[in-house]
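# Fold and geometry: a report
The lines below spell out each chain.
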Amino acid sequence: SKWVFKEEYNPDGSIKRFKARIVACGYSQIEGVDWNERYASTLSADSMRTFLNDAVQCGHDLCEADVVKAFTNATLDEEIYMAPPEGYAPRDGKVCRLRKSMEGLKQAANEFMKLNATVIGEEGFKRSMLDPNVYTRTRDGVTLKVGVYVDNILVSFPPTAAGRKQCAEFFKGYGKKINLEIRGRPTAFMGVQIEYDLDKGALFVHQSKYM
């Protein structure tokens with residue numbers, strides 16, 4: 001394993017925080033022994049734009065949440081051992097047996113995708129036939145829609161007391177199984193910046209920062 005360091009940025013381009021994480025050296029894994037499936041779908045750009053357009057047409061508000069240490073939430077089926085990273089040396093040259101998945105493993109994204117779909121389904125949501133990363137639930141006359149991009153979750157909900165309550169209840173139920181950081185109304189998603197004109201009930205999306 002190794003350490004990986006990176007910066008997390010605010011929407012205006014300033015540095016929000018510095019991050020360090022341990023990453024497994026997945027290149028040493030053997031297919032059929034250490035992993036079997038690595039594919040994981042994510043929300044497409046077209047689906048994301050359609051999701052935002054649908055929210056505007058329905059007069060919905062948006063709320064974003066980020067899964068904390070996403071890949072480490074999924075349990076591994078395979079028996080995998082990992083050498084500890086530099087700076088951490090167990091006695092007698094011992095290695096770590098991984099009970100949970102982690103970044104760097106070939107199956108990490110696939111395992112989290114399956115766990116994520118299960119948890120959202122347990123909250124009463126149905127997957128779209130057009131994009132498996134879009135979910136919908138109608139309960140007590142309130143419709144919520146969820147879009148998933150890896151470890152980012154975007155919820156579209158009616159800006160009513162009942163809508164806000166159901167959105168909060170969804171995050172609470174989800175958070176009991178997978179730890180979440182609720183960020184509120186998003187200013188950026190999937191690399192696209194989002195600006196709101198609340199008086200007109202409109203959204204403006206652009207990639208000025210990227211350009």
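Look up a bit, the structure's there.
The notes below deal with the structure included here. Everything numeric in this text was worked out from a predicted model, so none of it was measured.

Within the element layout of this structure, Asp-131 appears in the loop between β6 (126-127) and β7 (134-139). Buried charge Asp-131 goes without a salt bridge, the closest partner of opposite sign being Arg-127 at 7.3 Å. Only 2.8 Å separates the side chain of Asp-131 from the backbone nitrogen of Asn-133, close enough to count as a polar contact. Asp-131 has contacts with Leu-43, Ser-44 and Ser-47, leaving out every residue within four places of it along the chain.

Another point: the sheet that holds strand β10 (residues 180-184). An order of β6-β7-β8-β9-β3-β10 is seen for the 6 strands of this open sheet, with the pairing classed as antiparallel. Edge positions in the sheet fall to β6 and β10, since each of these pairs with one other strand and no more. For strand β3 (residues 61-67) and β10, the ladder comprises 4 bridges, and the chain directions are antiparallel. When the sheet's bridge partners are listed, Asp-66 is paired in β10 with Glu-181. Against the sheet, helix α2 (residues 108-122) touches β3, β6, β7, β8 (142-149) and β9 (152-157), its axis set at about 175 degrees to β8. Contacts from helix α3 (residues 161-175) reach β3, β7, β8, β9 and β10, with the element oriented near 155 degrees to β9.

Here we take up the nonpolar core. Ranked by size, the top nonpolar core spans 32 residues in total, and within it Val-146, Ile-153, Val-155, Phe-170, Phe-171 and Tyr-174 carry the most contacts. Elements that contribute at least two residues to this core include exactly β3, β4 (75-82), α2, β8, β9 and α3. Counting residues per element, this core draws most heavily on α2, which supplies 5 residues. The residues contacting Ile-153, other than those within four sequence positions of it, are Cys-63, Glu-64, Ala-65, Val-67, Asn-116, Val-146, Gly-147, Phe-170, Phe-171, Tyr-174 and Leu-180. Of all hydrophobic cores here, the second largest spans 11 residues; its members include Leu-43, Met-48, Leu-52 and Leu-154.

The 3 strands lie next to each other as β11-β12-β13, forming an open sheet whose pairing is antiparallel. Only two strands of the sheet have a single neighbouring strand rather than two, namely β11 (188-189) and β13 (202-206).

Bringing the pattern of salt bridges into the picture now. Summed over the entire model, instances satisfying the criterion amount to 13 salt bridges. Arg-183 is paired through a salt bridge with Glu-8; the nearest N and O atoms lie 3.5 Å apart. Note that Arg-183 is positioned in strand β10 and Glu-8 in strand β1 (residues 2-9), a separation of 175 residues in sequence. Residues Asp-46 and Arg-49 are paired through a salt bridge, measuring 2.5 Å at the closest nitrogen-oxygen approach. Residue Asp-46 and its partner Arg-49 are located together in helix α1 (residues 45-58), separated by 3 residues, close to a single helical turn.

Inspection of the secondary structure puts Trp-35 in the loop between β2 (15-23) and α1. Overall, the relative accessible area of 8% leaves Trp-35 in the buried class. Along the backbone, Trp-35 and Glu-79 are 44 residues apart, and their C-alpha atoms lie at a distance of 9.5 Å.

Another point: the layout of surface pockets. Counted as a void, the largest pocket has a volume near 1500 Å³. Lining the largest pocket are 39 residues, and of these Glu-8, Lys-19, Asp-66, Asp-151 and Arg-183 sit closest to its centre. Among the secondary structure elements, those contributing two or more residues to the lining of the largest pocket are β1, β2, β3, β10 and β11. When residues in the lining of the largest pocket are grouped by element, the largest group, 6 residues, is from β2. Grouping the amino acids of the lining of the largest pocket by side-chain chemistry returns 16 nonpolar, 7 polar and 16 charged.

Each value, and the rule that gives it
- Residues numbered from 1 in each chain as written.
- Predicted model: local features only at pLDDT ≥ 70, side-chain atom pairs only at ≥ 80, totals over all residues.
- Heavy atoms only, no water.
- Helix = DSSP H or I, 4+ residues; strand = E, 2+ residues; numbered from the N terminus.
- Buried < 20%, exposed > 50% of the residue type's maximum accessible area, 1.4 Å probe, protein only.
- Lys, Arg positive; Asp, Glu negative; His and termini not counted.
- Salt bridge = Lys/Arg side-chain N within 4 Å of Asp/Glu carboxyl O.
- Polar contact = N/O pair within 3.5 Å; in protein donor to acceptor, adjacent residues only side chain to side chain.
- Contact = heavy atoms within 4.5 Å.
- Pairing = 2+ DSSP bridges.
- Axes fitted to C-alpha atoms, helices over the stretch in contact; angles between N-to-C directions.
- Core = buried A, V, L, I, M, F, W, Y, C linked by side-chain atoms within 4.5 Å.
- 1 Å grid on protein atoms, 1.4 Å probe; cavity = no way out; pocket = protein on both sides within 12 Å on 5 of 7 lines; lining within 4 Å.
- Points joined across faces, edges and corners; volume = space filled by probe spheres on them.
- Nonpolar A, V, L, I, M, F, W, Y, C, P; charged D, E, K, R; others polar.

Interpretation note: all reported values are geometric properties and have no functional meaning in isolation.
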